[in-house]
Amino acid sequence: MTYQQTLRWGELFLQEKGIDDAKTDAWLLLALACHTERNDYYLHMLEDVPKEQKEAYETVLKKRAEHIPLQHITGEQEFMGLPFLVNADVLIPRQDTEILVEEALKKAKPGMKILDLCTGSGCIIISMLKYRPDLYGTASDLSAAALRVAEKNAKINKVTPVFVQGDLFEPVEGAFDMIISNPPYIPTAEIEKLMPEVRKYEPFLALDGKEDGLAFYKRIIEEGYSYLNPGGYLLFEIGYDQGKEVSVRMEQAGYQGVKVIKDLAGLDRVVIGGKHV
């Protein structure tokens, strides 16, 4: 088969297996298996695919047909225009989380000390330091495996946050000018209802927000105030239906100017509040 025929076959195969956006995934997997780019593909699309490339393509298509996330097959995901390694030890960085980083960057001032809780792949703190080299970053996670991924990503993007392992603030010392977190926020009972790419292949610990999905917000809001310098900010990514509850809890804990920011779909996505000066 030619490259063109092989690509079309890949699209149909993934469609039959119920893969969303089969066309895009089929192309990305072809590019991976055949070490090609768009321009090369169009130049050679009527040529026959070598046997070893066709076999490699079939292998990755079968993985995707099992609903293994595309990013776990390619091993990477772009976030904030930067490259990040991903595997089953970390959540795949998502575009929605870019809104959290963008809002944090708006508040950032030179010399600020930033704490990223539940850092996972490190995409939040690494992006902050990459775009604002005048900031200082610390990031914590309970998972040693996740931190190994984050450390690799920091090297790839040539930034040097301090990574510490432990339960939220447990391994953290000192105070910060900004605390930022995309914590687990899915209620435990809802996880089984998620798409298989998430439910089966992303780390349960990074998804599970306990019974009501709010366990980590409650702890970070309560404990975080003493870790914030006066005039500092607390920022969260939240689930689409958690804006009111998280906002009220922040206000009750003494945070000022609390507001909810929506994502591109018009859903609540980020909550931000400050500590009085």
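Residues numbered from 1 in each chain as written. Predicted model: local features only at pLDDT ≥ 70, side-chain atom pairs only at ≥ 80, totals over all residues. Heavy atoms only, no water.

Q: Could you clarify how one ought to interpret the sheet that holds strand β3 (residues 113-117) in this entry?
A: Consider a sheet: its strands pair through backbone hydrogen bonds, and that pairing is either parallel or antiparallel. Strand order in the open sheet made by the seven strands is β5-β4-β3-β6-β7-β9-β8, with mixed pairing throughout. Across the chains shown, the open sheet's two edge strands, defined by having one partner strand only, are β5 (162-165) and β8 (256-262). With strand direction ignored, the average angle separating the axes of adjacent strands in the sheet is 15 degrees. Relative to strand β7 (residues 228-237), strand β6 (residues 176-181) runs parallel, the two sharing five bridges. The residue bridging Ile 180 from the neighbouring strand is Leu 235, located in β7. Most of the contacts of helix α7 (residues 123-131) go to strand β4 (residues 136-141), to which it runs at about 175 degrees, and overall it touches β3, β4, β5 and β6. Those strands touched by helix α8 (residues 144-156) are β4 and β5, and its axis lies near 175 degrees from that of β5. (Pairing = 2+ DSSP bridges. Helix = DSSP H or I, 4+ residues; strand = E, 2+ residues; numbered from the N terminus. Axes fitted to C-alpha atoms, helices over the stretch in contact; angles between N-to-C directions. Contact = heavy atoms within 4.5 Å.)

Q: Please explain helix α1 (residues 3-16) as it appears in this structure.
A: Each α-helix winds once per 3.6 residues, and so residues spaced three or four apart point in a common direction. The end-to-end C-alpha distance of α1, which contains 14 residues, comes to 20 Å, matching closely the 20 Å that a straight helix rising 1.5 Å per residue would cover. Those residues of α1 that sit buried are Tyr 3, Thr 6, Leu 7, Gly 10, Glu 11, Phe 13 and Leu 14. For α1, the angular spread of the buried residues around the axis is 165 degrees, confining them to a single face. Packing partners of the buried residues in α1 comprise α2 (22-34), α3 (38-44) and α4 (51-65). Within two residues after α1, Gly 18 carries a phi angle of roughly 75 degrees, on the positive side. (Expected span 1.5 Å × (residues − 1). Buried < 20%, exposed > 50% of the residue type's maximum accessible area, 1.4 Å probe, protein only. Arc of directions from axis to C-beta.)

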